[in-house]
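Here's the letter readout for the chains.
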Amino acid sequence: MIYEYLLNTISSKGAAYLILLDPDKLSDDKLIPFIQNCEMNGADGFLVGGSLIIDGDFESFLKKVKSSTSLPVIIFPGEVNQVCQPADAILFLSVVSGRNPEHLIGKHVLAAPIIKKKKIEPISTGYIIVESGSMTTAEYISGSKPVPRNKPEIAAATALASQYLGMKLIYLEAGSGASQSVPNEMVKAVSEYCDIPVIVGGGIKTPQAAREKVDNGAEIIVTGNFFEEEDKWHLVKNFADAVHFKIPVVV
Ligand code: 1GP
C-alpha cells in the first residue's frame, strides 16, 4: 500500500520527497535518465500528471515512467482521462479550497468506477490551492478561488474539515511554477491544526526552501518545474537531503 509507504517514509526519514513528472515538459530522451537520476539521489517516488496536458500522451508516458523505476508512481490527476494504468496509486483530489462542485464530487463520480476497475489505490486528498502571486493553471482550470496568502487560519480550518471528512492527506498547492511558494506560516498553521500528513508543492526552488517547509511541519515535499533544465539535475540529492532531516548526510 502506497499510503503506508508514505507514512513509513515520513516516520523513518522525517519527511518524504516526491518529484512531479509532467508529460508536456519531459521529452522522451530525457525521461529515463532523469528518473534514474532521481532514484539514485534520494527521491521517494514520482507524481505524474498536470492540470492541463497539451502535447503529451499521458498513458504512454505513464507506462514509460512505471517501467523505468522501482519507486512508487502516483497519478496526480488534472482530469478523469488521467486515471489509467500502470500506476501504484492516485491522489483522489478534492479541491477543498474552492466551491466548484465538479472538483468536489462531480469528477470523482466519473473516476471512481475506473479506479476500482483498474485496481489503483486511491488516496483521498484535500487539495488546497493557495494564492501565489498570479493565477495558476490549477486555479484557472479548476475554477476554484485560492486561499489568500495572509489567511493561514482559513487553510487550517479547511484542512481540518478535510480530515473530518475522512481525507488522508492535505496538499497545500501554490501551483506549478508559482513565483511564491506556500507561506511557511500557513504550512505551520495547517500542520499544527490537523493530524494528517501535509504535502507542500508549487514554486519550491531551493533545498533551503524545501527544508523550511519541513521545519514548519510539512511531511511531503513536491518539486516539478525546477528540474526542467538538465543542468540542475545534480541538485536532486540536495533537495532529498534537505527533506530527509532524520537521515545524516553522507558527503
Ligand atoms: C505542482 O506542486 C507541484 O502541482 C510542483 O510545483 O512545478 O512549481 O515545483 P513546481
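Residues numbered from 1 in each chain as written. Predicted model: local features only at pLDDT ≥ 70, side-chain atom pairs only at ≥ 80, totals over all residues. Heavy atoms only, no water.

S.K.: For this particular structure, what's the right way to read the overall build of the chain?
M.R.: Helices and strands together make up the secondary structure of the chain, namely nine helices and eight strands. Computed over C-alpha atoms, the radius of gyration of the chain comes to 17 Å, within 12% of the 18 Å expected from 2.2 N^0.38 for 251 residues, which places it in the range of a compact globule. Dimensions along the principal axes, computed over C-alpha positions, put the chain at roughly 40 × 40 × 35 Å. Residues counted as buried form 53% of the 251 residues belonging to the chain. (Helix = DSSP H or I, 4+ residues; strand = E, 2+ residues; numbered from the N terminus. Rg over C-alpha atoms; globule rule 2.2 N^0.38 Å. Buried < 20%, exposed > 50% of the residue type's maximum accessible area, 1.4 Å probe, protein only.)

S.K.: Can you help me understand the packing of aromatic side chains in this one?
M.R.: Given two aromatic rings, their pairing is described by the distance between the two centres and the angle made by the two planes. Counted by the stated rule, this structure contains nine aromatic pairs. Relative to Phe239, the ring of Tyr17 has its centre 6.1 Å away and its plane inclined at 10 degrees; by these criteria the two rings are stacked. With a gap of 222 residues between them, Tyr17 in strand β1 (residues 16-21) and Phe239 in helix α9 (residues 236-243) connect regions that are remote in the sequence. In terms of burial, Tyr17 and Phe239 fall into one category: buried. Residue Phe239 is classed as buried on the basis of its relative accessible area, which comes to 0%. Clustering of aromatic rings is evident, with ring pairs tying together Tyr17, Phe34, Phe226, Phe227, Trp233 and Phe239. When the ring centre of Tyr3 is taken as origin, the NZ or CZ atom of Lys168, which lies over that ring, is 5.0 Å away. Seen from the ring of Phe226, Lys232 lies directly overhead, with NZ or CZ sitting 4.6 Å from the centre. (Phe/Tyr/Trp six-rings, centres within 6.5 Å; stacked < 30°, edge-to-face > 60°. Lys NZ or Arg CZ within 6 Å of the ring centre and 35° of its normal.)

S.K.: Can you help me understand helix α6 (residues 152-164) in this one?
M.R.: The periodicity of an α-helix, 3.6 residues per turn, causes residues three or four places apart in sequence to face the same way. Here α6 contains 13 residues, and its C-alpha end-to-end distance of 18 Å stays within 8% of the 18 Å for a straight helix at 1.5 Å per residue. The complete set of buried residues in α6 reads Ala155, Ala156, Thr158, Ala159, Leu160, Ser162 and Gln163. The inward-facing, buried residues of α6 abut β5 (121-129), β6 (169-173) and α7 (184-193). Among the residues trailing α6, Gly166 stands out with phi positive, at a value near 100 degrees. (Expected span 1.5 Å × (residues − 1). Contact = heavy atoms within 4.5 Å.)

S.K.: For this particular structure, what's the right way to read the layout of surface pockets?
M.R.: In this approach a probe as big as a water molecule rolls over the atoms, and the regions it shows empty are the leftover space. There is about 450 Å³ of room inside the largest pocket. Surrounding the largest pocket, 29 residues form its lining, Leu20, Lys25, Gly175, Ser176 and Gly177 being those nearest its centre. Those elements that place two or more of their residues in the lining of the largest pocket are α5 (137-142), β6 and β8 (220-223). For the lining of the largest pocket, the residue count by class is 10 nonpolar, 14 polar and five charged. In this model, the second largest pocket occupies a volume close to 160 Å³. Around the second largest pocket, the lining residues are Ser51, Leu52, Ile53, Gly56, Asp57, Phe58, Gly78, Glu79, Asn81, Gln82 and Ile141. A per-class count over the lining of the second largest pocket returns four nonpolar, five polar and two charged. (1 Å grid on protein atoms, 1.4 Å probe; cavity = no way out; pocket = protein on both sides within 12 Å on 5 of 7 lines; lining within 4 Å. Points joined across faces, edges and corners; volume = space filled by probe spheres on them. Nonpolar A, V, L, I, M, F, W, Y, C, P; charged D, E, K, R; others polar.)

S.K.: Teacher, can you tell me more about the site of the ligand here?
M.R.: Of all residues adjacent to the ligand, which total 14 residues, the nearest are Glu173, Ser176, Gly177, Gly224 and Asn225. The contact in question runs from an oxygen atom of the ligand to an N or O atom on the backbone of Gly224, over 2.7 Å. Computed on the free molecule, the ligand has an accessible area of 310 Å², of which 97% lies beneath the protein chains in the complex. The cavity where the ligand resides is the largest pocket. Looking at the shell around the ligand residue by residue, the class counts come to four nonpolar, nine polar and one charged. (Near = heavy atom within 4 Å. Polar contact = N/O pair within 3.5 Å; in protein donor to acceptor, adjacent residues only side chain to side chain. Areas by Shrake-Rupley, 256 points an atom, 1.4 Å probe, with all protein chains shown as cover. Sits in = over half its atoms within 2 Å of the grid points.)

S.K.: Any chance you could explain the packing of helix α2 (residues 28-40) against helix α3 (residues 58-68) here in plain terms?
M.R.: Between two packed helices, both the angle of their axes relative to each other and the distance between the axes serve to describe the pair. Two elements in contact, α2 and α3, have axes whose closest approach is 10 Å; the angle formed by their N-to-C orientations is 35 degrees. Relative to α3, the crossing made by α2 is right-handed. Across the interface between the two elements, Asp28, Leu31, Ile32, Ile35 and Glu39 from α2 touch Phe61, Lys64, Val65 and Ser68 from α3. Residues belonging to the contact of α2 with α3 are distributed by class as follows: five nonpolar, one polar and three charged. (Axes fitted to C-alpha atoms, helices over the stretch in contact; angles between N-to-C directions. Left-handed = near helix turned anticlockwise from the far one by under 90°.)

S.K.: What should I look at first to understand a nonpolar patch on the surface in this one?
M.R.: Judged by side-chain polarity, Leu52, Ile54, Met135, Tyr140 and Ile141 come together as a nonpolar surface patch covering roughly 560 Å² of accessible area. Here Ile141 shows up in helix α5. Residue Ile141 is classed as partly exposed on the basis of its relative accessible area of 36%. (Patch = residues over 30% accessible without salt bridge, like charges linked within 9 Å, V, L, I, M, F, W, Y side chains within 5 Å. Salt bridge = Lys/Arg side-chain N within 4 Å of Asp/Glu carboxyl O.)

S.K.: How do you make sense of α2 when you look at a structure like this?
M.R.: Taking 1.5 Å as the rise per residue, α2 with 13 residues should run 18 Å; its terminal C-alpha atoms sit 19 Å apart, in good agreement. Listed in full, the buried residues belonging to α2 are Leu31, Phe34, Ile35, Asn37 and Cys38. Projection of α2 onto a plane perpendicular to its axis shows the buried side chains occupying an angular sector of 165 degrees, all on one side. Residues of α2 that are exposed and point over 90 degrees away from its buried face: Asp29 and Met40. (Arc of directions from axis to C-beta.)

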